[in-house]
Amino acid sequence: MKVFIEKTGKHLVLEGRRSAADILKDLSINPESIILVKNNEIALDDEFIEDKDELRILSVISGG
Amino acid sequence: MKCAKCDDKAVYKGQGQYFCKNHFLGYFENKVYKTINKYSLIHQDDVVCVATSGGKDSINTLYLISRYCIEYKIRFFALAIDEGIHDYRDKTLEDLRNFCKSNSIILHIASFKEYFKDTLDNMMIKTDKRPCTICGIFRRTLLNRKARELGATKLATGHNMDDEAQSFLMNILLGNMSHNASLGPITGLAGNEKFIQRIKPLYFMTEKESRLYALLKGFDIGFTECPNIGQSFRMIIRDELNSIEHSLPGAKNGIINSFNEILPTLKEYYGKQKSKRIFNYCIKCGDACSQEVCNACRLEEELNVSD
């Protein structure tokens, strides 16, 4: 799966089906601080992400 | 997971509630309008100035205030401050101009350069002060001054529940309890000709809800963060608060509700102390302040950018 982290601008490639919550835990990202977009649709963190999926992790914090 | 109100896929989970796109948008808008009505944030004869930066919170505020004001035939306009931060503010202002143009909203822009004779970038070269200190004082002053010049009676800002909970906790940790008396969904005294009352329509919406609303409405707001933000005390509190919220969903809501219970007592207690002091107007600019010279004029002197 392709993962994009908006806050850092990082692109990652991860393998193996798992829940979005597990991915966030592995990346040490607090679910409260982000919104997930799976294949261009808003997703909740209990959704499973497959290898063919594209996941964008958007930061809820912006501005200043 | 499905929406609690229909069979559509949920896009939002909040304190045990799941909503689809349409029901989330309805939930968000109803809660904002309920805040406006419950706290009497806007009256029929008001002229509302919406302070906008081009970020998600202020764009949401501007959009919802515009709908409210159009429905109730209340005058309103948008005001943005150009601090002069290269490669940042110019981009957010461009997004804001496009948004206002496509929604037929009048936009005014006031700059540090015009009112304080220099850009924030240049001011930072002249002082050791943190950019957020300079920006905070000048931006607050300029929003009030320009809104007043344009005839506004209310100044709406995009402060959300996270901002307010952070401020409340920061003031406690720093021992500045009196500053908490100046928080709340509406601040400032009605009828003061020098200080425009401030209102916060997003007061009961979390930061996450605000970003989701902007995303689902299709407001074209990319991720932007001020280059001067650094690792501030507020960021530490923000991260800690998000950790607590993750472990204890509803914690932010609990903090804000508890705060609002004690807010009238804080206002009464610190209001009495304040009334013992002689209320001043700045001898240089004439703005309301608690000392002889206001913070903005003192800062101008320090930066040596005043006449």
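Just so it is clear, the model here is predicted, and its values are computed rather than measured.

A. Structural detail: the nonpolar core. Grouped together as the largest cluster of nonpolar side chains are 78 residues, with contacts concentrated most on Val48, Cys49, Val50, Ile65 and Leu79 of chain B. Discounting chain neighbours no more than four positions away, the residues touching valine 50 of chain B are Thr61, Leu62, Ile65, Phe76, Ala78, Leu79 and Ala156 of chain B.

B. Spatial organisation of the environment of lysine 91 of chain B. Residue and element names in this part refer to chain B. As for its position among the elements, lysine 91 is in helix H3 (residues 89-102). A count of 13 C-beta atoms within 10 Å places lysine 91 in the partly exposed class. Along the primary structure lysine 91 and leucine 212 are separated by 121 residues, whereas in three dimensions their C-alpha atoms are 21 Å apart.

C. Structural view of the environment of asparagine 160 of chain B. Residues and elements named next belong to chain B. Looking at the element boundaries, asparagine 160 is found in the loop between strand S6 (154-156) and helix H7 (161-173). Look at asparagine 160 and you get buried, because 27 C-beta atoms sit within 10 Å. Residues asparagine 160 and lysine 267, 107 residues apart in the sequence, show an inter-C-alpha distance of 21 Å. If near-sequence neighbours (up to four positions away) are discounted, asparagine 160 is found in contact with Asp57, Leu202, Met205, Thr206, Glu207 and Ser210.

D. Representation of the sheet that holds strand S2 (residues 10-13) of chain A within the structure. All names here are of chain A. The strand order across the open sheet built from five strands is S2-S1-S7-S4-S5, with neighbouring strands paired in mixed fashion. Because the sheet does not close on itself, it has two edges, and the strands there are S2 and strand S5 (41-43). Within this sheet the neighbouring strands show an average axis-to-axis angle of 25 degrees, counted without direction. Note: strand S1 (residues 2-5) against S2, four bridges, orientation antiparallel.

E. Seen up close, the sheet that holds strand S5 (residues 107-111) of chain B. Residues and elements named next belong to chain B. Read from one edge to the other, the open sheet built from six strands follows the order S5-S4-S3-S6-S8-S7, with strand pairing classed as mixed. Looking at which strands have only one partner, the edges of the open sheet turn out to be S5 and strand S7 (186-187). Sheet topology places strand S3 (residues 47-52) next to strand S4 (residues 75-82); six bridges connect them, and they run parallel. Note on S4: the bridge partner recorded for valine 47 is arginine 75. Where helix H2 (residues 56-71) meets the sheet, its contacts fall on S3, S4 and S6, and the angle it forms with S3 comes to roughly 160 degrees.

F. Spatial organisation of the interface of chain A and chain B. Residue-level contacts link 16 residues of chain A with 22 residues of chain B. Class assignment of the residues belonging to the side of chain A that touches chain B gives a composition of six nonpolar, six polar and four charged.

G. Molecular detail of the pairing of strand S4 (residues 34-38) of chain A. Residue and element names in this part refer to chain A. The sheet contact formed by S4 and strand S7 (residues 54-59) spans five bridges and is antiparallel. Bridged to isoleucine 35 within S7 is leucine 58. Summarising the sheet, S4 and S5 pair through three bridges and their orientation is antiparallel. Within S5, the position partnered with valine 37 by the bridge is isoleucine 42. Here S4 folds back onto S5, and the loop between the two strands holds two residues, one of which, asparagine 39, carries a positive phi near 45 degrees.

H. Representation of the packing of helix H1 (residues 21-38) of chain B against helix H9 (residues 207-217) of chain B. All names here are of chain B. Where H1 contacts H9, the two axes come as close as 10 Å, and the packing angle between them is 125 degrees. Between H1 and H9, the interaxial angle falls into the category oblique. Helix-helix and strand crossings are classified by hand; for H1 and H9 the assignment is left-handed. Along the contact surface, H1 presents Lys21, Phe24, Leu25 and Phe28, while H9 presents Glu209, Leu212, Tyr213 and Leu216.

Here is what the cut-offs are and how they apply
- Residues numbered from 1 in each chain as written.
- Chains lettered and ligands numbered in written order.
- Predicted model: local features only at pLDDT ≥ 70, side-chain atom pairs only at ≥ 80, totals over all residues.
- Core = buried A, V, L, I, M, F, W, Y, C linked by C-beta atoms within 7 Å.
- Buried ≥ 20, exposed ≤ 12 C-beta atoms within 10 Å, placed from the backbone.
- Contact = placed C-beta atoms within 7 Å.
- Helix = DSSP H or I, 4+ residues; strand = E, 2+ residues; numbered from the N terminus.
- Pairing = 2+ DSSP bridges.
- Axes fitted to C-alpha atoms, helices over the stretch in contact; angles between N-to-C directions.
- Nonpolar A, V, L, I, M, F, W, Y, C, P; charged D, E, K, R; others polar.
- Parallel < 35°, antiparallel > 145°, perpendicular 65-115°, else oblique.
- Left-handed = near helix turned anticlockwise from the far one by under 90°.

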